[in-house]
Protein chains: 2
Amino acid sequence: MTNYLKYKSIMNKIADVQYSSAVLNWDQETYMPPKGAAFRAQQLATLAGIAHELSTTEELGHLLISLSQDNSLSEKEKRNIKESLKKYNDNKKYTTSFVEELSKSISEAFQAWQEAKKTSNFSLYAPYLEKLVKLKREECKLLGYVEHPYDAMLNQYEPDAKTADLEVLFADVRNQLVAFVKKIAAKPQNNDSFMYLHFDKDKQWEFGVGLLKQMGYDFEAGRQDISSHPFTTNFNSEDVRVTTRTNENNLNEMIWSCIHEGGHALYEQGLPVSEYGLPSGEYISLGIHESQSRLWENNVGRSLPYWNTNFSSLQKIFPENFKNVSTEDFYKAMNIVKPSLIRTSADELTYHFHILIRFEIEKALIQGSIEVKDLPDYWNEKYKEYLGVEVPNDAQGVLQDIHWSHGSFGYFPTYSLGSFYAAQFFAQALKEIPELESEIEKGNTKPLLDWLREKVHIHGKYYTAAELCLFITGEKLNFNYFMAYATKKYSRLYHL
Amino acid sequence: MTNYLKYKSIMNKIADVQYSSAVLNWDQETYMPPKGAAFRAQQLATLAGIAHELSTTEELGHLLISLSQDNSLSEKEKRNIKESLKKYNDNKKYTTSFVEELSKSISEAFQAWQEAKKTSNFSLYAPYLEKLVKLKREECKLLGYVEHPYDAMLNQYEPDAKTADLEVLFADVRNQLVAFVKKIAAKPQNNDSFMYLHFDKDKQWEFGVGLLKQMGYDFEAGRQDISSHPFTTNFNSEDVRVTTRTNENNLNEMIWSCIHEGGHALYEQGLPVSEYGLPSGEYISLGIHESQSRLWENNVGRSLPYWNTNFSSLQKIFPENFKNVSTEDFYKAMNIVKPSLIRTSADELTYHFHILIRFEIEKALIQGSIEVKDLPDYWNEKYKEYLGVEVPNDAQGVLQDIHWSHGSFGYFPTYSLGSFYAAQFFAQALKEIPELESEIEKGNTKPLLDWLREKVHIHGKYYTAAELCLFITGEKLNFNYFMAYATKKYSRLYHL
């Protein structure tokens, strides 16, 4: 066996263990009976430990170093080795005692967060979050960074991203988007009351499955189930599953989770199955992953052509609820802009203020310029400043999101990156496929999916996020595309 | 950490990996999309390999040997060590090359069997089965045996069972049961045509769930799903799942799979959760496992008291189908005895002729007194002799069961053992709980479940099957209990 095949076989074994964990996680969120939870946590911890052991063996290290000097490899193979070696070196930086302490602190913080959120009592959570932030600061040192300690956090989700670049990006959000949203707020609000009538669950489900099929989601290589928080997971690119939730008094939840998760799933279904377990078979970064979900959700799903083809089916399923609603009314209701407290239900513009606030807080926590105890006040001031809303309690404020209790610092910015990449990619798609919108208007999204397959999916992790953006659009990530998209769309919607 | 705690921790880790495999298998049989199959097989093979590695480390070997000489352990702990050491030594007997060759041959044989069954062409399968039988003969040598090579096969599923004892048992089946079934065959047959009317799937499901709840199956620590072949699986004793299937034109399938799998599941839910991963938290043998399913299925589920309480609910759900059917009619229909071709749909008496035939064939194959190529003729002769039926083709004959293609020789006899243990245990329960039948008649099966918990479930693998039988009934396995049960029940049903 050649060294490269040996490497491939080890990577396959690691992937097998990690995807087995993913099956256990999927089951936990969808079908596991309540009492199954205790041992499931232990089983997941064991699999994680085994995957870590397999990922840090001396054998793999030697193999990677030897392969990194092998000039007979193809360009793709070289990229795989480079990427795997980087990950190997990162994995080796963690000591067992650090991993155990972090894992224990996360369990404790997560428990405390659940209780604190339930009772809206930040002080229950604060000491655990403090401990976690301390460990995360240590982790930054351990992983190493060149410019800013927060870079080390960011790069776990968005390799090669820099805090300095994000500061520039979020300055644009602050300067341009805040002003734009103020202009919208000065206009009369559109009506979306018909979205909150009664919508039968099974009929919603049926409609959502139809949307997924229309997008090109392959139900032979995936399935949709119900979970309390919608997510996408995959066990290889031929078994990519989505979940959704239905709220009988709010049609938005099912529609946006189907399209959003569908976008994530199309990326995973499009990764080359022959590259299973290798970087060339994996997604690039969370930002690029999110670009795929946001492109379908916002640029396609919240567009007029999309509802020109789909609204009539929805009307057929819910004739009573939509009897006096036009496609244009529906399109307006899909695109209500209104500052609000909760990130996950925010519109596509004010959403970025939520991320901006978390970015500023995380950066400050990691560099030590703010203390955990001051978080609620800081949070509430920022919400007042950027969104103009009063935070009534911490449950709807600083305690709303799970991420920090999981030790996930550096994750939030990838949500905004996703939207901005999506806008830039979609602008390029419109240029390259002149018939794109008219085809969507006919219910044919295949030209778009083909384009995404060719431009994004089939490459796996061959490119970095920055390289991919350059490869697709000829320039680096540019906030102007998002701003142009927003300006055009919302100027029409709100008569600006 | 004491040595015993170290041992417990290793056993927990092995269990975590094995139960993770069980989750992947459950998913494969219930929800996995079709294209997910290829990598699922690889993921399962990887987990099996890891579990085997963990089960055969030098560290575990040294620990077990040291603990086996530790007199400070409790009786239960000593039993655990003895059992684990035995299993460790068995695991160590397998060379990697043998395991790989066996695994490859099983894959090939399974593929060939599927095709052969589909086309009813035994010759497609024969060469692969021959290869497998050859390997199984090698495995007997490798595992070692004292009296008969087939003992080594049997003991994988039924530890300590002996071919010689089974020969005595099956001689009773041949002598007593064949004659008894002939007497039944001479009588007019009872009517069960109403079992094959149309039964709505959802209503069947609802009724089946009701039966499981009545038995005491804990839906907080388990769930029921649909699969093409009903089974029970568990990931710890607080996550024990059953599956069923519904046939809209045959009510039997759902009812018997619910009660049968429910019996298996009650055993698993009753194993002590604190003994997770240890022999003291595991079932004794497949025969004892089957005794739990058969006791509920046959001794309870096919009894008149059981339907005296449950038939009226069934009538309420399907009023049209049962409007002219009495409880007695229904009870008779549940207990039609009629020789037939297919094991899985056989009645509780002629069922054992199916097992007898497989036992005779397996023994002969393993000791080399019959050749694979002669199997179809041999099979057909035996079916004529014991069941009096003509086998029209190999698909309904020698190719009907999956077991041999999976390399499972020695498995079939545990099905009969289960029924015989069940009859003996149930006779004892009737003695010890005078109100047992009258309570069942009121829909209260709790006294029975409590008794099984105390007599069987909580002990895990503390006893061997033979010891358990002695512990519960004061004597060793005795076919007379089954024969007495059958004689009393069917003499009344068929006016013998």
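Residues numbered from 1 in each chain as written. Chains lettered and ligands numbered in written order. Predicted model: local features only at pLDDT ≥ 70, side-chain atom pairs only at ≥ 80, totals over all residues.

### Examining the overall build of chain A
- Summing up its helical and strand segments, chain A has 20 helices and three strands in all.
- Relative to the 2.2 N^0.38 estimate, which gives 23 Å for 496 residues, the radius of gyration of chain A is 23 Å and therefore close to what a compact globule would have.
- Its C-alpha atoms give chain A principal-axis dimensions of roughly 70 × 50 × 50 Å.
- Expressed as a percentage of the 496 residues in chain A, the buried residues total 43%.
- Considering only contacts within chain A whose residues lie at least 6 apart along the sequence, 71% involve residues at least 24 apart. (Helix = DSSP H or I, 4+ residues; strand = E, 2+ residues; numbered from the N terminus. Rg over C-alpha atoms; globule rule 2.2 N^0.38 Å. Buried ≥ 20, exposed ≤ 12 C-beta atoms within 10 Å, placed from the backbone. Contact = placed C-beta atoms within 7 Å.)

### Quick notes on the sheet that holds strand β2 (residues 232-236) of chain B
Residues and elements named next belong to chain B.
- Pairing is mixed across the open sheet formed by three strands, whose spatial order is β1-β3-β2. Strands at the two margins of the open sheet, each flanked by one partner only, are β1 (224-226) and β2. For this sheet, the mean inter-axis angle between neighbouring strands, taken without regard to orientation, is 25°.
- For β1 and strand β3 (residues 239-244), the ladder comprises three bridges, and the chain directions are parallel. Among the inter-strand pairings, Ile226 is bridged to a residue of β3, identified as Thr244.
- Relative to the sheet, helix α10 (residues 251-270) contacts β2 and β3, its axis offset from that of β3 by approximately 170°. (Pairing = 2+ DSSP bridges. Axes fitted to C-alpha atoms, helices over the stretch in contact; angles between N-to-C directions.)

### Some points on the interface of chain A and chain B
- Opposite the 31 residues of chain A that make contact, chain B presents 31 residues.
- Of all elements in the fold, only α1 (3-30), α2 (37-55) and β2 (232-236) of chain A reach the threshold of two or more residues within the side of chain A that touches chain B.
- Among the elements that line the side of chain A that touches chain B, the one with the most residues is α1(A), at eight residues.
- Of the residues assigned to the side of chain A that touches chain B, the class counts are 16 nonpolar, seven polar and eight charged. (Nonpolar A, V, L, I, M, F, W, Y, C, P; charged D, E, K, R; others polar.)

### Comments concerning the pairing of β2(A)
Residue and element names in this part refer to chain A.
- Buried residues dominate β2, accounting for five of its five residues.
- Across four bridges, β2 lies against strand β3 (residues 239-244) in antiparallel orientation. In the strand pairing of β3, Thr232 is matched with Val242.

### Comments concerning the domain arrangement of chain A
Residue and element names in this part refer to chain A.
- When cut into domains, chain A gives domain 1 (3-92) and domain 2 (114-496).
- Between the C-alpha centres of domain 1 and domain 2 there is a distance of 27 Å.
- The partner domain 2 presents 16 residues to the 18 residues of domain 1 that form the contact.
- Those elements that provide at least two residues to the side of domain 1 that touches domain 2 are α1 and α4 (75-92).
- The element best represented in the side of domain 1 that touches domain 2 is α1, accounting for twelve residues.
- Of the residues in the side of domain 1 that touches domain 2, the class split is seven nonpolar, five polar and six charged. (Domains from an automatic or database assignment.)

### A short note on the nonpolar core
- Counting 105 residues, the largest nonpolar core has Tyr125(A), Leu356(A) and Tyr421(A) as its most contacted members.
- Core analysis: the next-biggest nonpolar cluster, separate from the first, contains 103 residues, Phe207(B), Val300(B), Leu448(B) and Ala486(B) among them. (Core = buried A, V, L, I, M, F, W, Y, C linked by C-beta atoms within 7 Å.)

### Focus: the environment of Lys187(A)
Residue and element names in this part refer to chain A.
- Structurally, Lys187 can be placed in the loop between α8 (163-185) and α9 (201-215).
- When the C-alpha atoms of Lys187 and Ile288 are compared, they prove to be 34 Å apart, with 101 residues separating the residues in sequence.
- Ignoring anything within four residues of it in the chain, the contact list for Lys187 reads Tyr494, His495 and Leu496.

### Notes on the sheet that holds β2(A)
All names here are of chain A.
- Judged by pairing direction, the sheet is mixed, and its three strands sit side by side in the order β1-β3-β2 without closing on themselves. Of all strands in the sheet, those with a lone pairing partner are β1 (224-226) and β2, marking the two edges. In this sheet, neighbouring strand axes are inclined to one another by 25° on average, regardless of whether the strands run parallel or antiparallel.

### Description of the environment of Asn478(B)
Residue and element names in this part refer to chain B.
- Inspection of the secondary structure assignment puts Asn478 in the loop between α19 (465-473) and α20 (479-493).
- Residue class for Asn478 comes out partly exposed when judged on the 18 C-beta atoms lying within 10 Å of it.
- Between the alpha carbons of Asn478 and Ile14 there is a distance of 37 Å; along the sequence they are 464 residues apart.

### Comments concerning the pairing of β3(A)
Residues and elements named next belong to chain A.
- For β3, the tally of buried residues reaches six of six residues, placing the bulk of the element in the interior.
- By the alternation rule, side chains of β3 split into Asp239, Arg241 and Thr243 and Val240, Val242 and Thr244, which are all buried.
- The hairpin formed by β2 and β3 contains two residues between the paired strands.

### A few points about unusual backbone geometry
- In this structure, Ser120(B) takes a positive phi of about 50° despite not being glycine.
- Unusually for a residue other than glycine, His495(B) sits at a positive phi of about 50°.

### Quick look at the relation of the copies chain A and chain B
- For the pair chain A and chain B, the superposition axis carries a translation of 0.0 Å, the fit reaches an RMSD of 0.0 Å, and the rotation angle comes to 180°. These values place the two chain copies in the arrangement generated by a two-fold rotation axis. (Least-squares fit on C-alpha atoms with pLDDT ≥ 70 in both.)

### Comments concerning the packing of α9(A) against helix α12 (residues 304-317) of chain A
Residue and element names in this part refer to chain A.
- Relative to each other, α9 and α12 sit at 160°, their axes nearing to 10 Å. Here α12 runs roughly antiparallel to α9, going by the angle between their axes. As α9 packs across α12, the resulting crossing turns out to be right-handed. Facing Lys203, Phe207 and Gly210 of α9, the residues of α12 in contact are Ser313, Leu314 and Ile317.
- Here the contact of α9 with α12 is composed, by residue class, of three nonpolar, two polar and one charged. (Parallel < 35°, antiparallel > 145°, perpendicular 65-115°, else oblique. Left-handed = near helix turned anticlockwise from the far one by under 90°.)

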